Every structure is written in structure tokens, then in C-alpha cells.
Amino acid sequence: MENVNIKIDGIEISVPKNYTVLQAARMANIHIPTLCYLEGINEIGACRICVVEIKGARSLQAACVYPVNEGMEVYTNSPAVRKARKANLELILSNHDRKCLTCVRNRNCELQKLAEEFGIKEIRYDGSSDPVFALDQSSPSLVRDNNKCVLCRRCVAACANQAVSVIGLKNRGFVTEVGCAFDAPIFETSCIYCGQCIVSCPVGALYEKDDIPKVQKAIDNTEKHVVVQTAPAVRAALGEEFGLPMGTPVTGKMVAALRRLGFDKVFDTDTSADLTIMEEGTEFIERFTKGENLPLITSCSPGWVKFCEHNYPEFINNLSSAKSPMEMFGAVIKSYYAEKQNIAKENIYSVAIMPCTSKKFEAQRPEHSSSGAQDIDASLTTRELARMIKEAGIQFNELPDEEFDSPFGEATGAGVIFGATGGVMEAAIRTVYELLEGKPLENLEIAPIRGMDGVKEAELTIAGKKVKVAVCHGTKNAKALLERVKAGEKYDFIEVMACPGGCVNGGGQPIVSSEDRVGKDIRVERAKALYAEDRSAALRKSHENPVIQTLYDTYFEKPCSHKAHELLHTTYTKRNKF
Amino acid sequence: MELVRSHVLVCGGTGCTSSGSKQIIEEFETQLKNFDIDKEVKVIQTGCFGFCAMGPIVIVYPEGSFYSMVQKEDVAEIVEQHLLKGKIVTRLLYKETVEEDNVKSLNEIDFYKKQHRVALRNCGVIDPENIDEYIACDGYKALGKALTEMTPQEVIQEVKDSGLRGRGGGGFPTGVKWDFASKSVNDQKYVLCNADEGDPGAFMDRSVLEGDPHSVIEAMAIAGYAIGANQGYIYVRAEYPIAVHRLQVAIDQAREYGILGKNIFETGFDFDLEIRLGAGAFVCGEETALMTSIEGRRGEPRPRPPFPAVKGLWDKPTILNNVETYANIPVILLNGAKEFAKLGTETSKGTKVFALGGKINNTGLVEVPMGTTLREVVYEIGGGIPNGKQFKAAQTGGPSGGCIPADLIDTPIDYDSLIKIGSMMGSGGLIVMDEDTCMVDIAKFFLEFTVDESCGKCVPCRIGTKRLLELLNKITDGTGTLEDIDEMETLCNTIKSSALCGLGQTAPNPVLSTLKYFRDEYVEHVVDKKCRAGVCKALLSYKIDADKCKGCTLCARQCPVGAISGKVKEAHIIDTTKCIKCGVCESTCKFGAISK
């Protein structure tokens, strides 16, 4: 890329020609505040917080969208700039529900941070505010509070970036609001509850449905045997809530914290991820051998499943009937585990800690009660877990590392990497290869399906046959891939994760501010923690997991057996698009 | 073409249509048949004559008799007396055209004398729904000339040389805009026409489309040839049904004649046009918002650069010009840039159409050479202020413009002079105000419009204009402070400097310009709690002059809230705590005893 020479606040700097003023300023270590800007997702210059003076321009310009050009002179700290930024921030605050103390984003709010940075002491423009909006609590996963909304549109862009686009802008001018078409509650739309809107929101206008009270109630009830499972991606991000650097794995501390919170048993969803690989891998071998319902498409991601049900019902038969690891675990706990421990399943309260908001929806699906009760009683996000830990006064960073409880504490590296895009496919290949070839796979790390490319492909030869696989993450990429499949492109096995980057970047993960995202890819950072754990794992293939072997030997007989089908497989429903 | 001895031209502009010109045409047809002269006389519905105050207007040729305020009942008389017997119906003639039994030419009356109709050249002259009439008036000749005698670059140069600047408000040089787009390399480019006229009281573009739609089509084809585009869109408000209809008729006719479509005039040049209806959002007149709307998305502006000439509609190089700008193009190509540039000032060439409204005698549509003074427009063409009131100010540029005070009435109307005094040309709305106008209230009126029409994308416009309006409301309610006035000024400057699009950036202009020229009125509202124009209700109180009051009880009977009491034949009094200041008492009092 060609460079251009520009001058920012008197500093001469050469920057790539396709840069915006904001990017150039960052390169010169000049801080320009932003609010509506979310790199790569929402670059619309709407909030006017990042305005700068550009020599020769008639008015102030938004640094986040203004392209650099040769010889340009920019002033980011002139009196006019400071005045305008401050006035615009005050205007936003004048129409914002400023109940910071009781806000879910207190101390993690981009607007609050700006107010502090700008030294706002009073708000000159207090006037009428919007009407008081009712909260949209219609879905099991998310809550929208438009009283907090600053109309930055980051959620709208994030939703469009997922090719879901169920939210948009209604009305205009001062009474503009974000919502669904025809004023429908979100529950009536084709929202997939991925929660990408939540992690994009700079303020507290969007958050997950709070399920902490019911979990606490169960813990406090001595009659209840409360078990908890934690998904792989949770351990890769939970530390961020306690100030640890992004990508720090905190598995041991997390287990210790869960125990101190009063959970009776702390299990690892990685274990059931191994179980999922056994079922799904076997299902693949069956379909591949018969050439039926190919490509097989993974179904671990509830957001993706819902997306498929709404938008591509013609692919429902391609979805793996294997349940997600969370749901397999739920079913196993209330059947096998209950029987073994001699606890009535009614007295078991099964909690899942997930990086995901859509899991709250998945837990409520009527299909997921194969144990005779609802298999999962509550699904909490990583953020909710962090809140519970904070509320309990647990000094997270000082905790000793503890081990998961048996019998479901042992997992393989294959289960761990489920949390990153490509992980499920890689885990499946490790097992499918060995089951079909009958000999060990030499290179366990399948590079072409790792990384952050939207659609990744690989062609393997297993037992003399070519197997073409594809991996995509973010439902927008899934849409693109499915369109190619519809157009005739042949694949045998496809992994889809609803969230960009997979579960590490799920809608239930710690929220990273727009500014903290600069210069790093949170998806990559968090995935590193998982791949490191895989690399150091003693066992790295699902079929080698002794817990899983015991399960089949003593309970399910074999993968895809009748009993396995009853407990570990599910069905899907065609849903309307509108 | 059939030969007839007389033509009856009936104005089919929106103003005259709404006062019954359609029924007048029908009546003419009926009466002509009655008198059995329907084969000799032809009735034609034309576009706007401009003199809307005198509508419905009927002109009979070859005499050129200018009948004004014609009613359906008058038609029989015109047909029998004038068309059958050859006697002009003097009582229906516009009074100024009658001078001691002589009928003056239309061009000699004050309203038309100083006008110079270039963009409106065919309005009121031809039948807009008949392409042959347009062609007979040199229509499509300019397109033919461009396609057969000129290179695209020569066309652009001609437009550049003419000095034509955008008539939509911004005043950007049209030729330069075309040049940018012609230099953008792309396999697909677009030519757009902005007919989303939205300023309150403005109807210039509407009248061109209603009266001479072919001139816009011709110009757009020329523009397409110049920049290398083969597709155009006209973005017109759905609230302009007559314009939309005539435009569609014109497009269909042009296609039928091979003037739109493939291989125009067998030169290998293809160009076609489609209409896109706007749903009436004011902001869709902003170029990027207009394109977003055509693309089928929420009509909202986006930041520039990239400019439309590089990345416009569907990210392709695009030019957007307003209706009036286009209407000038064929004239420039036919008569040459030099001829065109003879009219106007050094930096503003040609003419400008204004919709003259407000407190003025001759409301209507006028086209004057750039540089004509406001005084000439108001007093000579406009016929001055009704009821002998004083001229107070003129508002130009609509919600983005400003108010020009009486002491600047000799300002020449051109782009740069208007900017210099804190207003702008805008698309051509010109609203005249007299002494009964409160300038704070006027600022409030325009701001209410902007608050309502803000798209809501950027903060300064969405929230800033709302806060500004709230401050204005405080002032007109009598609860404002002097600090509020300063606060308003600061806020205006924030909005002006940091809003995303032109609509937002200019939204504070009505406030800023009234603050500049009429600050004393603001201060009066705040300090003296007085509205000198008697408009701001909160600051008014009605009182009865006991000496003048005859005790007729009429006001007490009319008062809707029973605020007036008094015995018969004794002076009445108003209970100000009950009074809602509706003014009914004042207007009913026969003795002038009630005043504000």
C-alpha cells in the first residue's frame, strides 16, 4: 500500500493511503475519543465525538470515516474541536438515562468513560427526554433497554454483520429508536440470540437476561444438588473480568470459584464435547458411507441452529442430530449421573456457564427434556458468572487452581478447542480419521481450518476417500457458504459457529470496549488460550477420553445407539423468517 | 397539426388546479361544443404561469387576453363574448392589463416586466403532456446538437463556461461536478435528478416538472452523454402527483420517439430514465440521503468523502442536479455559454426562480436574473406588502437559510451576497414578512421543521436542534434568560460545525440570522416580557379600552372561555387569568376597543 504524508497536531507522519484520520492518529499515538465507531463493523461518523479540524474543510470532520490524503493537516485538540466534542457529549448525556449506579455496565461503559475523560461536571442542555421506553424482555436471552440507548447503531451494524438484521431504526429525529419491524418484540422475530449486539453496545442498552437469582435460589436450597458445567471458551475470557490480560486461561481458578459459590459439583463441558465428537463423528461416518444428507453440518451453536431453522430450513436434514455439548451433558447428568449417584433427577439443578446468550434459548427448547425433566435448568453467561464471583467477595486472582470434579472432569484437547472457530471440525477429524483408518493421525493440528478467515476449507484423504470440509464462523459467512452449497458446490462436512471467531467471541463473553479492541483481535487472543491448553493436554482426541469410554461401555453401548439417540440427539423445527 | 383560430391556455399548475382549473377546462370544452366552435378553438392545459395570486388563470390567444381569477361560471361568457363574438371580457382581465380600453401585453405588467424566464421558458406556454409542443419550441435540439456535433468534453466545457451553479441550494458549479464524474473510471455511472423539493412554501421544481418535464429529460440525457452514463433516476416526491404523472407521460413519449432508450438519434448513445418516488422526508433532498433512499434503504446521509462523483448510487460514479439546474442546460447548449452568462452577476450567472410567498401582494413564481435586488423582487414584481404594512424581513433558503432585515433590502440576490449576510440562496423559497411577524417565532417555526425532519443519525442535529428549540420555547414563553440567548448561540455553533450533513449544519441558520439582525427582539422577549409583533401568546394580554367600549356584549358572547364580563351598555373587562388569548374578542369588537 502506498503511503501519504500528513501532519497531525504538528506531527509529521507517513501513513497508508487507505487510512482514516483516526487510524493515522493512533499511529501517531494521538488519542481521539470515539463512541459510535466499532472497527470493521460500524464506521458511520454519527456520534460526532471524534470530530477533528481539517485544514481547508468547511466544518469539523469525523476522524473515524475521513480518509487521509497527501499533505493533509489535522488538528485534534483545537478549541473548536474540544468545544464541539464536549457539547455533543453533553447533548448525548442530556437524553440518556443516567442511572449509572444501577446499570449493568457501571464502570464498563464507554459513555461513562467519555464523561470522565471530558471532565463533564454539569450538563448544560437538560431538556425533555424521550418517552420512557418499556424494556423488551420478551426473549429468554436478551433484554433491550432503549432508555439507555445512545443511538450509536453499533448493535444494528453487528446484527447486519451477522446477516440477521432483525433490528433497525424506527422513526426519525429526536424520537428515533432501535427496534424490530412493526414494533414486534424480539421474541417474535428471527433473532438468533447470538448476543453480538450486546458485546457491541457501548452502554447498558442491551444485556443478557439475568438468570443469577434462580441459580442462587437453587444453591441456597439444601434439597437441591446443584451441578455446574463450564464451556471451553469461558476459561479463555473470564480472567478479563478480573483485570487479567486477554487470553489468560483461568481454568483452575474458575473451578475454585465455582466451588466457593456453592455448586455441589463442578464439571467440564469439554468432556461432553468429546461425547459430541463421538456421536457426531459416528453420524458423519454413517452419512458419508451412505452418501446421505451431505454435507453434514454441525449443530453445537444454538444461534446457528436457529439461523438455519429460520433462513435455511431446507438444510435442516443436513444438521447433525447430535445435541450440543451443553445439552448432551444436561441429559447425561439427569439420567446416567442421577442413576449412578442415586439422586432423583427432580432434585438435580443443572447449570451451564456458557460464553453464549443463545444457550439460554437452547436450554428452554422443548426438545431438550429427554431425561424426563428440562435437561438444563439455567444457562449463565461468562459475564454473569463474573458478577456472581464479585458479589460473593471472592478474590478471583488469588484463588488456587483446582481440578474439576469426577466423573466429568476429564477432557481431551479436542474438547477444549471447541471454543474456537474450526475447533469442532478439527476435533472431529482427529477422531473420524482414526476410526476409519485404524491408525494414529500424525499431525493433529489442522492449520487450514484454524484462523480468522470467514470461510476455511480443507480437503483430506481418509481411508482412501477424499473428504471436503469447510469451516465458517459468523452467520453472515454461513449464509455465503450455504448459498454456494445451494449453487452446487459439494462439501462433506461443514462446521458453523454463529459468532465471528466462534465461542471465544460469543455474545456472553466479557465486553471489550471499542478502544480496547484496537490493535488486537480478541478472537485470536482468546483462541490462543484454548490452543495452548490443547497442546499441553495429555489426551488430545475425543475417543481416547476414558470417561467417554466408560460411558459407552456401561451406559450407551456405542455411539449412535438407540439409547444414545434417545438422550443425545435432537430434532429441529422449521421457523418463519418474518 | 390541426389549424385552429384561437388557443385557450388554462393554467394546470398545482395552485390553479386546486382552485378549480380542471373544472374550468371541462366547462370550456362543454361551452365550445354548445356554441359549436369546438373545432375552431383549442383548449390547452399548461404548466404554471407563475402569477398564482391571480389564479385560476386563462389566456386566450392570438389576443393574449390575460383573464385572472376565472371561475367556472365565467367560462360561458368568455366563450360567447370573446371566442364567438370577438369581444374581450374586460371585467375578467387582470386589472393592470387594461388601460383605457387598451389591452396591454402580459410582458408589460409589473409582475412580468422584470422577469426573465429561462428555466420557466415553456411553463405556461406549451402543453406539458405533448412532446410535439416541446419539440416545436426547440425541444431536444440541444440533445441532438450535443450528440451529433459535440464531444462529451465539449459539452462539459460549455456548461463550465456558462458559470451555471447548482440551483438546489449549494451553488456548486455544475460543469465542475460533471467533470469530476466524467473523469471517474467505471463501467456504470448514473445521472440523478433531485426533485425532492421540500422547503416550506417552495414550488419551483414542482412547477418546472409540471410545466415543462421534457426540458429535464433532455438535460439529463445530455448529462448522461457528458459523463458517460446510460441510466438516470428522477427522485420526486410522491406528494407531487401532477408532476409525477406529467413526468411519466413525458418519459413514455420520449421513449416512443426514440429520444430515450437505445441508440438515440442513431449515434450509438443509450440513455434511459426511471422515476423514483420519495416518501416525503426532507432529508432525502440531501444528495447522499437521496441515493441511499433510491437504493431502498432508510434515507439518511452518509459522510463525504467519498463524493458521489466517485462513489454515489450503488457505489458508482453519480451526478445529482436539481430540476431547475437541468432546466437551464438545453438553453446553454443551444444559445451558447456566452449568451447564458450575459445574465447575472460575476459569480452567479443566469436567472433564479423564486417562490414568492408570505406577506406580499403578488404571491407566485418568479424568475429573475441573478443580482436583482430584494427590493425589486418585493416591491416591483411582488407588488409590495398588503394592507400598507411595513416590510420587516425576507426569508430565503428555507429551513437552512436566514432572514434578511429591511435595511439590507437592496442586497442583490446571488449566491455569494446572500451567504455574506448570513442567509443562503437555497432552492428558491422567498418568504416576505411584515411588522406583524415575530422574528423569534419565525426562527422557532423553521427550527420546528428541522427538528421534525432531522433523520436522527448524528447527535448535533438529533439532540442539538431539539435542545435549541426548547431554549427558543423558553424565550417565547417568557421564561427565558439572557444566558439562554448566549447558550443558544453556542449551541448553534456546535451544530453548525459538527453536524454530519448540510441539513444539520445549516439548521441553526434561521436562529443565527435572527439573532444577528433582530437580537433586540429576543432581548425584549426576555427582559421586557414583550413580543412587539403580538405573536407570542404567553407574552400577550388583551385589554378593553373603557372609553371605547360601548357595552354591546358581543365580545363576552363570543369569548369561548367566558373571560369577559360586564353589564349591557357598560364597559367590559377581561379576566386575564381565564383568557386564552385566542383573539376572538379583538376581531369581533366593532369599536376597536380591544387591543393587545
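Positions within a chain are numbered from 1, following the residues in the order the chain's sequence is written. Lettering of chains starts at A and numbering of ligands starts at 1, both following the order in which they are written. Local features in this predicted model are restricted to residues whose pLDDT is 70 or higher, and side-chain atom pairs enter the listing and the counts only when it is 80 or higher, whereas totals over whole chains, interfaces and linings include all residues.

**Notes on the overall build of chain A**
To keep it simple, the criterion reads: Where helices and strands are cited, they refer to DSSP runs of H or I of at least four residues and of E of at least two residues respectively, numbered from the N terminus. The globule rule used here is 2.2 Å times the number of residues to the 0.38 power, and the radius of gyration it is set against is calculated over C-alpha atoms. Residues with at least 20 other C-beta atoms within 10 Å of their own are called buried, those with 12 or fewer are called exposed, and the rest are partly exposed. The C-beta atoms themselves are positioned from the backbone. Throughout, a pair of residues is in contact if the C-beta atoms placed from their backbones lie within 7 Å.
Per the secondary structure count, chain A includes 19 helices and 17 strands. Taken over C-alpha atoms, the radius of gyration comes to 25 Å for chain A, in line with the 25 Å a tight globule of 578 residues would show. Put simply, chain A has 578 residues, and 55% of those count as buried. Taking all contacts inside chain A whose residues are at least 6 apart in sequence as the whole, residues at least 24 apart take part in 74%.

**Quick word on the environment of Pro241(B)**
Residues and elements named next belong to chain B. Along the polypeptide, Pro241 turns up in helix H11 (residues 241-256). Judged by the 11 C-beta atoms lying within 10 Å of it, Pro241 is exposed. Placed 35 residues apart in sequence, Pro241 and Arg206 show a C-alpha to C-alpha distance of 9.8 Å.

**Digging into the domain arrangement of chain B**
Residues and elements named next belong to chain B. This is how the line gets drawn: Each domain span listed reflects an automatic or database assignment of domains. Residues are grouped as follows: nonpolar covers Ala, Val, Leu, Ile, Met, Phe, Trp, Tyr, Cys and Pro; charged covers Asp, Glu, Lys and Arg; every other residue, Gly included, is treated as polar.
If you check the domain split of chain B, you get domain 1 (6-107), domain 2 (131-341), domain 3 (351-434), domain 4 (439-528) and domain 5 (541-595). The gap between the C-alpha centroids of domain 1 and domain 2 is 34 Å. Between domain 1 and domain 2, the contact holds six residues from the first and seven residues from the second. Here the residues of the side of domain 1 that touches domain 2 are counted per class, giving one nonpolar, five polar and no charged.

**Brief notes about the domain arrangement of chain A**
All names here are of chain A. Assigned domains of chain A: these are domain 1 (3-92), domain 2 (142-209) and domain 3 (213-568). For domain 2 versus domain 3, the separation of C-alpha centres amounts to 27 Å. Between domain 2 and domain 3, the contact holds 16 residues from the first and 25 residues from the second. Sort the elements by how many residues they give to the side of domain 2 that touches domain 3 and helix H5 (residues 196-200) lands first, with three residues. Within the side of domain 2 that touches domain 3, the residues separate by chemical class into nine nonpolar, five polar and two charged.

**What to know about the interface of chain B and chain A**
Counting from both sides, the interface comprises 26 residues of chain B and, opposite them, 29 residues of chain A. Those elements giving two or more residues to the side of chain B that touches chain A turn out to be helix H17 (439-453), helix H18 (459-477) and helix H19 (482-498) of chain B. Looking at the side of chain B that touches chain A element by element, the count peaks at eight residues for H18(B). Split into classes, the residues belonging to the side of chain B that touches chain A amount to 10 nonpolar, seven polar and nine charged.

**Overview of H19(B)**
Where we set the bar: Working rule for helices: expected span equals 1.5 Å times residues minus one.
Given a rise of 1.5 Å per residue, 17 residues ought to cover 24 Å, and the 25 Å separating the end C-alpha atoms of H19(B) matches this to within 8%. Among the residues of H19(B), Met488(B), Leu491(B), Cys492(B), Thr494(B), Ile495(B), Lys496(B), Ser497(B) and Ser498(B) are the ones counted as buried. For H19(B), the elements touching its buried residues are strand E3 (51-54) and helix H2 (79-94) of chain A together with H18, helix H20 (502-506) and helix H21 (509-528) of chain B.

**Quick notes on the environment of Gly454(A)**
Residue and element names in this part refer to chain A. Within the secondary structure layout, Gly454 lies in the loop between helix H15 (423-437) and strand E15 (455-462). For the pair Gly454 and Gly501, spaced 47 residues apart in sequence, the C-alpha separation works out to 8.6 Å. Ignoring anything within four residues of it in the chain, the contact list for Gly454 reads Cys472, Gly474 and Asn477.

**Describing the pairing of strand E8 (residues 231-237) of chain B**
Residues and elements named next belong to chain B. We count it as follows: Paired strands are those between which DSSP finds at least two bridges.
Counting buried positions over the seven residues of E8 gives six, a clear majority of the element. Relative to E8, strand E7 (residues 190-195) runs parallel, the two sharing six bridges. What sits directly across from Asn194, in E8, is Tyr235. Relative to strand E10 (residues 269-278), E8 runs parallel, the two sharing seven bridges. Directly across from Tyr235, in E10, lies its bridge partner Arg276.

**Remarks on the packing of helix H2 (residues 21-34) of chain B against helix H3 (residues 75-84) of chain B**
Residue and element names in this part refer to chain B. For clarity, the threshold we go by: To define axes, lines are fitted to C-alpha atoms, for helices over the stretch in contact only, and angles between the resulting N-to-C directions are given on a 0 to 180 degree scale. An angle below 35 degrees is read as roughly parallel, one above 145 as roughly antiparallel, one from 65 to 115 as roughly perpendicular, and any other as oblique. Rotating anticlockwise by less than a right angle from the far helix to the near helix defines a left-handed crossing, while the corresponding clockwise rotation defines a right-handed one.
Packing of H2 against H3 brings their axes to within 9 Å, and their N-to-C directions diverge by 40 degrees. For the element pair H2 / H3, the angle class is oblique. Here the hand of the crossing between H2 and H3 comes out right-handed. Facing H2, whose interface residues are Ile24, Glu27, Phe28, Gln31 and Leu32, H3 presents Val75, Ala76 and Val79. Looking at the contact of H2 with H3, its residues break down into six nonpolar, one polar and one charged.

**Considerations on the sheet that holds strand E4 (residues 65-67) of chain B**
Residues and elements named next belong to chain B. Spatial ordering of the open sheet is given by E2-E1-E3-E4, a layout of four strands whose pairing is mixed. Because the sheet does not close on itself, it has two edges, and the strands there are strand E2 (41-46) and E4. The sheet shows a mean angle of 20 degrees between the axes of neighbouring strands, taken without regard to direction. The sheet contact formed by strand E1 (residues 6-11) and strand E3 (residues 58-61) spans four bridges and is antiparallel. Looking at E3, one finds that His7 is bridged to Tyr61.

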